[in-house]
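What the coordinates show
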Amino acid sequence: MGPYIDYFTLPWVIEILIPEFFKLGILIAFFFYWLPSKVFPQIGIKDGYDKVMFNVLYMVLYIEIMIPLLLVLGIFSYLIFLSTIVLTKLLVMKYYDKIHLRLFFVKLQNKILVQTLDALDDLPLFLHTLKIAFAQYVKTKWENFSWSAFFVGSVIALIFLYPTVLLSLRGFLTFSYGASDSAQFFEWASFLYRGELFYEGKTAGADFYGTTVFNFFLSVISNQGFQVLFSIYPFYVNLFLLFGLFYFLKKMTGSTAVGVFAVFVFGVILISPLINLFGVGNYVTTNPAITHFLGMNFYLPWPLETLTGSSEGVGMIPSTRLSTGLPYELSYAFYLPNLYFFIKSFSSDEKKHIWWYGVTLLLVFTFHGGIAIYLVVVSLLIAVWAILNRKLTLEKLKYGALAVLIASIVGNAWLLSIMKYGGLNRIGAAAPIIDIMLNKLGVISKSAKTVMVYESDFAFEEIYLVLPSYALLGLIAVVFFLLIAVQFTKRRFEWSSIALIAIGVIFINLSTIMGLPKFVEPSRAAEALLLSWAMISGVIFYVLIVLPVSKLTDKTRWRVVVSGISLVAAAGVAWVSPKWIEKQEFWTALNGIEYSDFSYLAHRIKKDEQPFTWTIISYVPEYAEILTKGYHYNTQDFVREYDPKERYLKIPTPKVFLFVELIPHTYRGMEEWYYRWRGEIQGQFNDWVSVYSIYHPGRIKVYYQSPHAIVYEINNKEYMDLLFIEEQKKTGHHPIKEIFTRPNNFADENKTGKVQ
């Protein structure tokens, strides 16, 4: 039987998520825009786009450094964290703004006292003055309001929001995991609530991880559980990812239209069922055609009859991962800003670009160092090009090397787990080239499973190749043509750098053709490749469309006309473009790891029941969802260890919830033996419930039921009463009546604290 498409929980989930979504949005605007703009130096900000980018980077950097530090010291709390922000503001005022703090506070005190006394002296007049000032403020804003600017801004906002919604929609339809990796971040972030920063065995043995700390911060400020948070926060991450693409092209070309066009191309056309037309495919061959050139072996399996396996594209994987907020995708949000600041640090003499380059590189390492694979290759190409164009000076080299050194050390602090646990676990699909290197160096931990076949192991008969689509071959030709053509322009270095970014990413994707190992799995490298597509498309759009019509758009009425035409054209393309939401695999993937109603019920039980008064019996997914709120027991262990005929169900919580699958879920897990017999175990679970119902009538009732699942609630109060009586006997507790009637319950206590 195929996957069950679960629509049961949609109304409940949407009802919960919509208000939480707007609450989180307001808090993100406050903490990632307004607050840092008041605390940190606003140096080098030339427009609103800079203000958004710089303040987001400021706050994310502050979170990723300060919260782990406070946790290591064992003093983290929300109040202490806010206090550190206040302290940071005072330090900035004293050492950056050169403000005498004592005089500042004296002036502030006098100002507050004067305004307070004025208000108390004549309150009606004070309120009237405030009313006039507010009315004047509104009048000024209205006089400066432009309907044409509002229309153009609305068009841009819609073109941003539509692809963001497409990329994030999955999370708004269910609480269940979008990817199996999500569970460990639920679990790990929960440990941070207990002040435990270090935890063995998570994501390559990393001790603290950027995504975990980031999620923890969002959960603290919004008071949202991780089920709710992981469903809605990817929307804001994806919005910033698209903003990074827009920011890159806007700053490189000076055209807002180019940035908006690239955002639309990436979010609507490329991240869609058309993705395999623009990307790569995995092939298998036992008889590759080997071409020798310049001492290198090139595997070119043309004609196609040399292939013995079918092509496998990346499909819906990038879209799914973007909806989950996993670290690899979160790191992508800083990928293009990093490259922009790297390029500008050569083409501009402003040192701020080197600073922001170091910040974005640090954040890339912190969230997921796998993105650094692209940055290393692309940055080397750009650096060599900068040397050839005499853009690299000794001063830039000195500050740039310092920025890279600091970013590498601080951003990779989690690699201390090598020393703590004796080695790294396998990295996997995120960076198979790193696995090969670490394995050869002998630093992979013995507990990690490292027996894998890589493209470098050419002793095997089968060779795994990643080959380009025909469209990608066309992109390669366009990129090289662009690289040659821009040499005759005034901004040849910056424009050439855009082409070099695409060349570097294409090289990483097609490394196996050159007899090299696979740097990154195509499913993970897809976003970098598609961002390159979007950037090159934006450059072509700039040359063919923007430049010819730029003189017309200088006039307001033509800007409105062009914006209206753009909106109609975008709506038409969006309407006819295929979407994942129209595909069956999108809906079946909604509950691909667990049933949606199980995830919803775990959330509801957390909200309705007192913490740690209940236990859920189910398969593994619910464990991470309820951590720090309740208890969990795995189905297979429960069926094996508990006899339904016994008088007491020996689980020490007043309530026990049994999550029974009437139709066994198709998810089989990864390297987890108990999933292999899921159907049989669910059958035994049903039998257990039937026997328990016969032997203990009245103790069990149906809590929830759907066509594919049923949840039972067991009243376990009788066993809890037994435990209470036994505990009284062991500890010598006095009856409650005696405790309250004795004149001094501690009168007999001696100096040792023991009752005589």
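Coordinates for the structure precede this section.
A brief structural summary. (Residues numbered from 1 in each chain as written. Predicted model: local features only at pLDDT ≥ 70, side-chain atom pairs only at ≥ 80, totals over all residues. Heavy atoms only, no water.)

For the rest of this paragraph, the subject is the pairing of strand S9 (residues 709-715). Counted residue by residue, S9 has 6 buried out of 7 residues, so it is predominantly covered. Where strand S7 (residues 655-661) meets S9, 7 bridges bridge the pair, whose relative direction is antiparallel. Its bridge partner lying in S9, Phe659 is registered against Val711. Where strand S8 (residues 700-705) and S9 come together, 5 bridges link them in antiparallel fashion. Bridge pairing in S9 places Lys701 opposite Glu713. Hairpin connection from S8 to S9: 3 residues lie between these consecutive antiparallel strands. (Buried < 20%, exposed > 50% of the residue type's maximum accessible area, 1.4 Å probe, protein only. Helix = DSSP H or I, 4+ residues; strand = E, 2+ residues; numbered from the N terminus. Pairing = 2+ DSSP bridges.)

To continue, consider the environment of Phe186. In this fold, Phe186 is placed in helix H7 (residues 182-192). Sequence separation between Phe186 and Glu625 is 439 residues; the distance between their C-alpha atoms is 6.5 Å. For Phe186, the residues in contact, after removing those within four places along its chain, are Tyr177, Phe226, Gln227, Phe230, Ala624 and Glu625. (Contact = heavy atoms within 4.5 Å.)

The next thing to look at is the nonpolar core. In terms of nonpolar packing, the biggest core is built from 180 residues, with Phe32, Phe81, Phe248 and Tyr335 touching the most fellow members. Residue contributions to this core peak at 19 residues, all from helix H9 (residues 226-253). Aside from chain neighbours lying at most four places away, what touches Phe248 is Leu336, Leu339, Tyr340, Ile343, Ile498, Ile501 and Met535. Judged by nonpolar contacts, the second largest core, of 17 residues, contains Phe638, Val639, Leu658 and Phe685. (Core = buried A, V, L, I, M, F, W, Y, C linked by side-chain atoms within 4.5 Å.)

A separate point is the sheet that holds S7. Reading across from one edge, S6-S5-S7-S9-S8 is the order of the 5 strands in this open sheet, with mixed pairing throughout. This sheet does not close on itself; its edge strands, each paired only once, are strand S6 (631-634) and S8. The sheet shows a mean angle of 25° between the axes of neighbouring strands, taken without regard to direction. Most of the contacts of helix H28 (residues 678-695) go to S7, to which it runs at about 135°, and overall it touches strand S5 (614-618), S7, S8 and S9. (Axes fitted to C-alpha atoms, helices over the stretch in contact; angles between N-to-C directions.)

What follows is about the packing of aromatic side chains. For the structure on display, the rule yields 67 aromatic pairs. With a centroid separation of 6.5 Å and 70° between ring planes, the pair formed by Phe226 and Phe230 is classed as edge-to-face. Separated by 4 residues within a single helix, Phe226 and Phe230 lie in helix H9, roughly one turn from each other. Residue Phe226 is classed as buried on the basis of its relative accessible area of 7%. Residue Phe230 is classed as buried on the basis of its relative accessible area, which comes to 5%. Geometrically, the ring pair formed by Phe342 and Tyr357 is tilted, given 5.0 Å between the ring centres and 40° between the ring planes. Of the two residues, Phe342 is situated in helix H14 (residues 335-347) and Tyr357 in helix H15 (residues 352-367); the sequence distance between them amounts to 15 residues. Comparing Phe342 with Tyr357 shows no difference in burial state: the two are buried. The ring of Tyr328 has Arg524 sitting right over it, with the charged end atom 5.4 Å from the ring centre. Here Arg678 stacks its cationic end above the ring of Tyr619, 4.3 Å away from the centre of that ring. (Phe/Tyr/Trp six-rings, centres within 6.5 Å; stacked < 30°, edge-to-face > 60°. Lys NZ or Arg CZ within 6 Å of the ring centre and 35° of its normal.)

Our focus in this paragraph is the packing of helix H8 (residues 210-222) against H9. Taken N-terminus to C-terminus, the directions of H8 and H9 make an angle of 105°; their axes are 10 Å apart at the nearest point. By the angle between their directions, the pair H8 and H9 is classed as roughly perpendicular. Along its contact with H8, which presents Thr211, Phe214, Asn215, Leu218 and Ser219, the element H9 presents Phe226, Leu229, Phe230 and Tyr233. The residue makeup of the contact of H8 with H9, split by class, is 6 nonpolar, 3 polar and no charged. (Parallel < 35°, antiparallel > 145°, perpendicular 65-115°, else oblique. Nonpolar A, V, L, I, M, F, W, Y, C, P; charged D, E, K, R; others polar.)

All told, the structure shown has 19 salt bridges when counted by the stated rule. The partner of Lys351 in a salt bridge is Glu395, and the shortest N-O contact between them spans 3.3 Å. Of this pair, Lys351 sits in the loop between H14 and H15 while Glu395 sits in helix H17 (residues 394-411), placing them 44 residues apart in sequence. We note a salt bridge from Glu494 to Arg491, for which the minimum N-O separation is 2.7 Å. (Salt bridge = Lys/Arg side-chain N within 4 Å of Asp/Glu carboxyl O.)

Right, let's get into a nonpolar patch on the surface. A contiguous nonpolar surface patch, about 540 Å² in accessible area, is contributed by Val478, Ile540, Val543, Leu544, Ile545, Leu547 and Val549. A per-element tally of the nonpolar patch places helix H22 (residues 522-549) first, with 6 residues. Its location among the elements puts Val543 in helix H22. (Patch = residues over 30% accessible without salt bridge, like charges linked within 9 Å, V, L, I, M, F, W, Y side chains within 5 Å. Areas by Shrake-Rupley, 256 points an atom, 1.4 Å probe, with all protein chains shown as cover.)

So, on to H17. A rise of 1.5 Å per residue sets the reference length of H17, with its 18 residues, at 26 Å; its end C-alpha atoms lie 25 Å apart and thus fit the reference within 8%. Among all positions in H17, only Lys396, Gly400, Ala403, Ala407 and Gly411 are buried. The buried residues of H17 occupy an angular sector of 60° when projected down its axis, which confines them to one face. Exposed residues pointing more than 90 degrees away from the buried face of H17 are listed as Leu394, Lys398 and Ile409. Elements that come into contact with the buried residues of H17 comprise H14 and H15. (Expected span 1.5 Å × (residues − 1). Arc of directions from axis to C-beta.)

Structural remark: α-helix, 3.6 residues per turn; residues separated by three or four positions point the same way. Given a rise of 1.5 Å per residue, 28 residues ought to cover 40 Å, and the 40 Å separating the end C-alpha atoms of H9 matches this to within 8%. Residue Gly254 follows H9 closely and has a positive phi angle near 80°.

Here the focus is unusual backbone geometry. When glycine is set aside, most residues are seen to have a negative phi, and most peptide bonds are trans. Positive phi values are uncommon outside glycine, yet Arg390 reaches one of about 60°. Along the chain, Arg390 turns up in the loop between helix H16 (372-388) and H17. Although it is not a glycine, Thr628 sits at a positive phi angle of roughly 75°. Of note, Thr628 is situated in the loop between helix H26 (621-626) and S6. Among the residues examined, Thr628 registers a relative accessible area of 29% and is labelled partly exposed.

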